[in-house]
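Observations on the three-dimensional arrangement
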Amino acid sequence: MTWESLNTKRLYKTPITKINMDFESLNKMCGWERQKALYLVQIAESLGMNIDGYGQLGVNNNSGYTYLWLEDYQFTLYMPIYCDLKKTDVSAIWTNSEDGTEEEFDLKLNTHLDDLEKWANDLYNQSED
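Let me begin by describing the structure that accompanies this report. (Residues numbered from 1 in each chain as written. Predicted model: local features only at pLDDT ≥ 70, side-chain atom pairs only at ≥ 80, totals over all residues. Heavy atoms only, no water.)

1. Looking at the packing of aromatic side chains
What counts is decided by this rule: Side-chain rings of Phe, Tyr and Trp (the six-membered ring for Trp) are treated as a pair once their centres are within 6.5 Å; stacked means planes under 30 degrees apart, edge-to-face means over 60, and tilted covers the remaining angles. Here a helix means four or more residues in a row that DSSP labels H or I, a strand means two or more in a row labelled E, and each is numbered from the N terminus. Using a 1.4 Å probe on the protein chains alone, a residue whose accessible area is under 20% of its type maximum counts as buried, one over 50% counts as exposed, and one in between counts as partly exposed.
Scanning all chains against the criterion turns up four aromatic pairs. Here Y65 and Y78 contribute two aromatic rings whose centre-to-centre distance is 5.3 Å and whose plane-to-plane angle is 10°, an arrangement assigned as stacked. Here Y65, found in the loop between strand 2 (55–59) and strand 3 (66–70), pairs with Y78, found in strand 4 (residues 76–79); they are 13 residues apart in sequence, far enough to count as distant. Owing to a relative accessible area of 32%, Y65 belongs among the partly exposed residues under this scheme.

2. Considering helix 3 (residues 113–128)
Quick reminder of the rule: Multiplying 1.5 Å by the helix residue count minus one yields the expected span of that helix. Each direction from the helix axis to a C-beta atom contributes to the arc, which is the arc of those directions. Throughout, a contact is declared for two residues whenever any of their heavy atoms are within 4.5 Å.
Look at helix 3: 23 Å from first C-alpha to last across 16 residues, which is about the 22 Å you get at 1.5 Å a residue. Along helix 3, the positions that sit buried rather than exposed are L113, L116, W119, A120 and L123. Axial view of helix 3: buried residues confined to an arc of 135°, hence all on one face. Residues of helix 3 that are exposed and angled more than 90 degrees away from the buried face: D114, K118 and Q126. Taken together, the buried residues of helix 3 touch helix 2 (31–47), strand 4, strand 5 (91–95) and strand 6 (102–106).

Below you can see the structure in the form of structure tokens.
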């Protein structure tokens, strides 16, 4: 499947050609990792995240988790190695840029972008105290 065919099937609200993201890593993913990466894009869009900014889809070499990082947000969406393609399998992670500590937020069916942004912003404000 090519990016052009994804565009014509209208899987995404944002045309793939307008996304300023490093898609080269998709070519290095196995089929299951690629499916999870594309699912993360779908979840990001369903949450109302703007995915046409700079970002990266990838697989963490240490954990094997598939992730979607977008520069415009203080958190990263990810999925573990073994999971189903369900929203409840998606988590967000926030990393303290000062000391590297990480906090996780498991998405629920009723999780909204406002919930994630408030959570990440609260963690950021706490780290500044």
